[in-house]
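Summary of structural features
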Amino acid sequence: MTKTCPICNRGKINGGGYSNRVRALQFNPTGKRVRKVNLQWAKMTDGSRAKVCTRCLKAGKNLK
């Protein structure tokens, strides 16, 4: 099963950043981090279950 939402196609994204302490002192990259989407099991309209992101679950898009 893929790690994307079947409704809105949200998936993982690469992100990185620097802490405020690093910005204050010197340039010291912290590296990239993979940010994954929050998938939860939800019932669909046809009675089956699928992993849906919480943004779609909160909006009720799995019931439409």
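Note: the structure precedes this text.
So, here is what we can say about the structure in this document. Given the structure is predicted, the values throughout are model-derived calculations rather than measurements.

This paragraph deals with the overall build of the chain. Summing up its helical and strand segments, the chain has two helices and four strands in all. Each helix (α) and strand (β) of the chain, taken in turn from the N terminus, gives the series β-α-β-β-β-α. Each of the 64 residues in the chain was classed as buried or not, and the buried ones make up 19%. A separation of at least 24 residues holds for 31% of the contacts in the chain among residues at least 6 apart in sequence. Surface summary for the chain: the accessible area is close to 5,400 Å², and the carbon and sulfur share equals 49%.

Further remarks concern the nonpolar core. Core analysis: the biggest nonpolar cluster contains seven residues, these being Cys5, Val37, Leu39, Ala42, Val52, Cys53 and Cys56. Breaking this core down by element, the ones donating at least two residues are β3 (39–43) and β4 (49–53).

Turning our eyes to something else, we now look at the environment of Gly11. Take Gly11: it is sitting in the segment before β1 (13–16). Under the relative-accessibility criterion, Gly11 is labelled partly exposed at 26%. As for Gly11 and Arg35, which are separated by 24 residues in sequence, their C-alpha atoms are 8.8 Å apart. Setting aside residues no more than four positions away along its own chain, Gly11 makes contact with Lys3, Thr4, Arg35 and Val37.

This part is about unusual backbone geometry. Despite not being glycine, Asn9 shows a phi value in the positive range, around 60 degrees. Among the secondary structure elements, Asn9 is positioned in the segment before β1.

Here we come to the environment of Met44. The topology assignment puts Met44 in the loop between β3 and β4. Using a relative accessible area of 22% as the deciding quantity, one classes Met44 as partly exposed. Counting along the chain gives 19 residues from Met44 to Leu63, while the straight-line C-alpha distance between them is 5.9 Å. If we ignore the near neighbours within four places in the chain, the residues touching Met44 are Ile7, Ala50, Val52 and Asn62.

Reading the values: rules and limits
Residues numbered from 1 in each chain as written. Predicted model: local features only at pLDDT ≥ 70, side-chain atom pairs only at ≥ 80, totals over all residues. Heavy atoms only, no water. Helix = DSSP H or I, 4+ residues; strand = E, 2+ residues; numbered from the N terminus. Buried < 20%, exposed > 50% of the residue type's maximum accessible area, 1.4 Å probe, protein only. Contact = heavy atoms within 4.5 Å. Areas by Shrake-Rupley, 256 points an atom, 1.4 Å probe, with all protein chains shown as cover. Core = buried A, V, L, I, M, F, W, Y, C linked by side-chain atoms within 4.5 Å.

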